Amino acid sequence: MFLAAAFACLLFTTSTAFAQDVPFAFLIENGWQSFYAGAGTRSEQGLTSWYGRGQVYAITNGQKGAGIGTAHMHAFTRTVPDPTFAALGPLAGLIVINLGPFRGHLTVFETPAGLQTAVAILDPVGETDIAVSGSWVFGNGAAVAGGTANDMVVGGIAHFGAPLPAANVSLSLSPYFPLVPFNNDLPFHLFSTSSGLPWPVGSGSSYQNSSYGPLRTYMRGEAGTFFDLYTSAVTVLHTGGGNYAVLSCSWYTGMTWLGAMAPVPGCSLSGTGVLSRLTGRATSYEAVTLQEYVMRWQAFLAP
């Protein structure tokens, strides 16, 4: 709640130099078919996750247009019994749209009020464009000329605004006590710090207290060819009411492990509610004690 209130004060007391909404729409060829084919489905320790990928096509005047990139789609679902995490629904997902010079993070997560979505854009080295926020929806391609119901369509609004000065946020993460009565992984447990690379080794989820509210992280790694190796993580933080902050990460072969660079490559901040214009970066993530962690964000609002 304190994080949301602080950003709300900043948002409503500062004017901006410009703001522009830009609509977008893409078709992911055979996106639904790939997603539900079963080969990418896992069920582990209460977590079910899915993975799919496909070619991305532009949609122009309601028609399937030229191929412009690729998409990787991850989704997760897990229900936990503890009321501490009631504001963090079972479902979360991340679609990574790779469009050559940049990639888009389209994040979706469930709340008691329904599904919420957020948009972020990263440059070729994985840094967040701090001027961009937004929201999106998804459906199938049956209504698009040249598309089918097996295709996935995503569309929405990317909002471009002048970012306000940064707020440096430090999240102290600790296990929930008494210990939750379900499997609870360490945050970002998938990754190998010794190799310096985010090698995908499975999937998992964690639920923790933070200095700003309860949060959860879902993770999954995909092994493919040398140039097609994807790992993703979605962290959702509830700051009170309908306000959520989201850290979405996508890593691929050759990217550097968390903490080795500042800012952390591949991770973007976004949000909903009073944080709907939240953008920014993760600047570090480190273990303080055996089960205590600190995650630091450089957060902006781009109204």
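Scope of this entry: the structure provided in the associated data block. In this text the structure is predicted, and so the values were computed from the model without any measurement. (Residues numbered from 1 in each chain as written. Predicted model: local features only at pLDDT ≥ 70, side-chain atom pairs only at ≥ 80, totals over all residues. Heavy atoms only, no water.)

### Topic: the packing of aromatic side chains
In this structure the tally under the stated criterion is ten aromatic pairs. The interplanar angle of 75° and the centroid separation of 6.5 Å between the aromatic rings of Trp-32 and Phe-35 together place this pair among those described as edge-to-face. Taken together, the residues span about one helical turn, with Trp-32 and Phe-35 both in helix H2 (residues 31–35) at a distance of three residues. Residue classification places Trp-32 among the buried residues on the basis of a relative accessible area of 18%. Look at Trp-32 and Phe-138: their rings are 6.0 Å apart centre to centre, the planes differ by 55°, and that puts the pair in the tilted class. Pair noted here: Trp-32 is in helix H2 and Phe-138 is in strand S8 (residues 132–140), with a separation of 106 residues, a long-range link. (Phe/Tyr/Trp six-rings, centres within 6.5 Å; stacked < 30°, edge-to-face > 60°. Helix = DSSP H or I, 4+ residues; strand = E, 2+ residues; numbered from the N terminus. Buried < 20%, exposed > 50% of the residue type's maximum accessible area, 1.4 Å probe, protein only.)

### Re the nonpolar core
Grouped together as the largest cluster of nonpolar side chains are 24 residues, with contacts concentrated most on Leu-171, Leu-173, Leu-247, Leu-278, Met-295 and Trp-297. Within the residue set of this core, elements represented by two or more residues are strand S10 (167–175), strand S12 (215–222), strand S13 (230–240), strand S14 (243–252), strand S15 (267–272), strand S16 (278–287) and strand S17 (293–301). Among the elements that take part in this core, S17 stands out by supplying five residues, more than any other. Ranked by size, the runner-up nonpolar core spans 22 residues in total, among them Phe-24, Trp-32, Leu-99 and Met-152. (Core = buried A, V, L, I, M, F, W, Y, C linked by side-chain atoms within 4.5 Å.)

### A closer look at the pattern of salt bridges
A full pass over the atoms with the stated rule returns two salt bridges. Put simply, Glu-127 and Arg-281 hold a salt bridge, and the shortest N to O gap is 3.5 Å. Of this pair, Glu-127 sits in the loop between strand S7 (114–122) and S8 while Arg-281 sits in strand S16, and the two are 154 residues apart along the sequence. Residue class for Glu-127 comes out partly exposed when judged on its relative accessible area of 31%. (Salt bridge = Lys/Arg side-chain N within 4 Å of Asp/Glu carboxyl O.)

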